[in-house]
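Fold and geometry: a report
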Amino acid sequence: MIVEDGGRGLLRLATALVETIAALEPDETALERKTSVLRDRIAAFERCAMLDNTTSSKPPSSDGLNKKTTTPKRIRSQRGPSAKPSGG
C-alpha cells in the first residue's frame, strides 16, 4: 500500500498527477480558443439568417430561393357559380 512504503507511492502518484495536469493544460487552452472561434462563427451565421431584404439594405434579388412573400397572395372568392346565365 501507499502508507507501507513510507509515502513514496503517494509521492509518485502526486508527481504523476502534476505531470498529467501540466500535459493537459495546453490542450485545454487550445480548446477554449476553438470554442470561442466557433461561438463567434455561430453568432455571425445567426445574424445572417435573420437578415433578408426587409431587414437589411440588400436588394430583394439577394434573398435567394427562400424569399418571403411581402404581400399576401390573393385569395380566390369563396362564392360559388350561379345557375343563372351571365349578362343582362
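Residues numbered from 1 in each chain as written. Predicted model: local features only at pLDDT ≥ 70, side-chain atom pairs only at ≥ 80, totals over all residues. Heavy atoms only, no water.

Moving on, we get to the overall build of the protein chain. Summing up its helical and strand segments, the protein chain has 1 helix and 0 strands in all. Per-residue burial for the protein chain yields a buried fraction of 2% across its 88 residues. (Helix = DSSP H or I, 4+ residues; strand = E, 2+ residues; numbered from the N terminus. Buried < 20%, exposed > 50% of the residue type's maximum accessible area, 1.4 Å probe, protein only.)

Another point: a nonpolar patch on the surface. Nonpolar side chains collect at one region of the surface, where L10, L13 and L17 lie side by side and expose about 290 Å² of accessible area between them. Checked against the element boundaries, L17 lands in helix α1 (residues 8-50). (Patch = residues over 30% accessible without salt bridge, like charges linked within 9 Å, V, L, I, M, F, W, Y side chains within 5 Å. Areas by Shrake-Rupley, 256 points an atom, 1.4 Å probe, with all protein chains shown as cover. Salt bridge = Lys/Arg side-chain N within 4 Å of Asp/Glu carboxyl O.)

Looking now at α1. Taking 1.5 Å as the rise per residue, α1 with 43 residues should run 63 Å; its terminal C-alpha atoms sit 62 Å apart, in good agreement. The largest bend in α1 amounts to roughly 30° and is located at L24, with the proline P26 lying one to four residues further along. (Expected span 1.5 Å × (residues − 1). Bend = angle between axes of the 7 residues up to and from the residue.)

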